[in-house]
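Remarks on the overall topology
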Amino acid sequence: LHHCKKNIVMNILLIVICSLTLSFGAAVGINIQKMSMMNEEKKDGCCQRPPILQPLWCLGMTIIMLDAIGDFVFIGLAPQSLLAPLGSFSLGWNIILAPKFNPTEVVTRNIVVATGVIYAGTILTVLYASDTSPTYDLANIVELLVKRPFHIYFLACLTFLITLAYNGQTKGYKMVHYCGLAGCLGGFCILFAKATSELVENSIATGNIDAFTTSFLPYIFIVCMVITVVTQIRCLNTGLAKFDALIVVPVYQSFWNVFGITGGLVFFQEYQYMTATDGVLYTLGLCITFKGVAMLVNERSNSLQNAVLHEGDSLGSAKCYDSVDHRNMDETVDTIEEGELDGLV
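Residues numbered from 1 in each chain as written. Predicted model: local features only at pLDDT ≥ 70, side-chain atom pairs only at ≥ 80, totals over all residues. Heavy atoms only, no water.

With that settled, consider the overall build of the protein. If you tally the helices and strands in the protein, you get 13 helices and zero strands. The order of helices and strands in the protein, counted from the N terminus, is α-α-α-α-α-α-α-α-α-α-α-α-α. By the burial criterion, 44% of the 345 residues in the protein qualify as buried. Partitioning the intrachain contacts of the protein with sequence separation of at least 6 by distance along the chain shows that 84% fall at a separation of at least 24. Taken as a whole, the protein presents about 17,500 Å² of accessible surface, with 67% of it coming from carbon and sulfur. (Helix = DSSP H or I, 4+ residues; strand = E, 2+ residues; numbered from the N terminus. Buried < 20%, exposed > 50% of the residue type's maximum accessible area, 1.4 Å probe, protein only. Contact = heavy atoms within 4.5 Å. Areas by Shrake-Rupley, 256 points an atom, 1.4 Å probe, with all protein chains shown as cover.)

What follows concerns helix H6 (residues 138-145). All buried positions along H6 are accounted for by Leu138, Ile141 and Leu144. In a view along the axis of H6, the buried residues occupy a sector of 125°, so they form one face of it. Of the surrounding elements, those touching the buried residues of H6 are helix H7 (148-171), helix H8 (175-206), helix H9 (210-213), helix H10 (217-242) and helix H11 (245-267). (Arc of directions from axis to C-beta.)

To continue, consider empty space enclosed by the protein. All chains considered together, the criterion is met by one cavity of 30 Å³ or more. The space that makes up the largest cavity amounts to roughly 30 Å³. Forming the walls of the largest cavity are Leu91, Asn94, Ile95, Ile111, Thr115, Leu246, Pro250 and Leu296. The element contributing the most residues to the lining of the largest cavity is helix H4 (residues 89-101), with three residues. Looking at the lining of the largest cavity residue by residue, the class counts come to six nonpolar, two polar and no charged. (1 Å grid on protein atoms, 1.4 Å probe; cavity = no way out; pocket = protein on both sides within 12 Å on 5 of 7 lines; lining within 4 Å. Points joined across faces, edges and corners; volume = space filled by probe spheres on them. Nonpolar A, V, L, I, M, F, W, Y, C, P; charged D, E, K, R; others polar.)

What follows is about the state of the cysteines. Following the criterion strictly, the structure yields zero disulfides and no others. With no disulfide of its own, cysteine 179 has cysteine 235 as its nearest cysteine by sulfur position, at a separation of 9.8 Å. (Disulfide = S-S within 2.5 Å.)

So, in structure tokens, the structure goes:
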């Protein structure tokens, strides 16, 4: 029993180390892409290139794709409900890296405190998440696919995506649209990746590749995984082009956690391996994590309000602009309030 517990602890430690390493790669890739897009915005409109033609952006994408390959290998080591909250580690790296790549992004005391709260919630979640990760063959995956809870979860996610996209199209896309779409697609991506990884792992362990020669299902998973990861990166990059990484990444991560964790609990029925106490403390850890994310959003909202008020005070004290300039500045302030401040909520 002692040996078994020791193996479990070592396995979780390995998972945490892998997650820290991979989340660092993801944070580097995202911030390089953000820096590339900001550099491009400084050029004249006619000289601006699409992201795919920007060398720095392509470098960031390469890092993210290599990181995704590492995720695919790593994802078979643990339950999905344990892997998803570990993604919050990227927030710590983001606080360190975002100001380095983009000096206009300032780390405040409240941001550090909020990130500390997120880490505390993540640690609690990891300690009480399911530490049992059964292996699945093709028959097991098919059995899980036809269960009613997954059908309900799938329809709920599809409704969320359609509603969010429709709302964005009719009322204008805001930060929550980009982060929500990217996070939900990320939850689906980890689900497809986990299922594919399980089939690959089972085939290697048994030496039987019938799952890949007698069924199209593994290839459907792979295609869906590629589609969701590409669309997810597209949505996230659009959000990063309009808002600071220090606020986009945490909000995106919170959506990703919700859908990634729920997907694992529902599809792989990982809740069956948790005791009632584990479930309560696991849920508490998630609530603490989301509280930290809410603190980050409020901090950014307050900083935007202060910036608008400071701009208004500066204009009022100067009293040296004519009526045309006054109207232009009012339009600028309105743009900030409507385009960024309202976009946070």
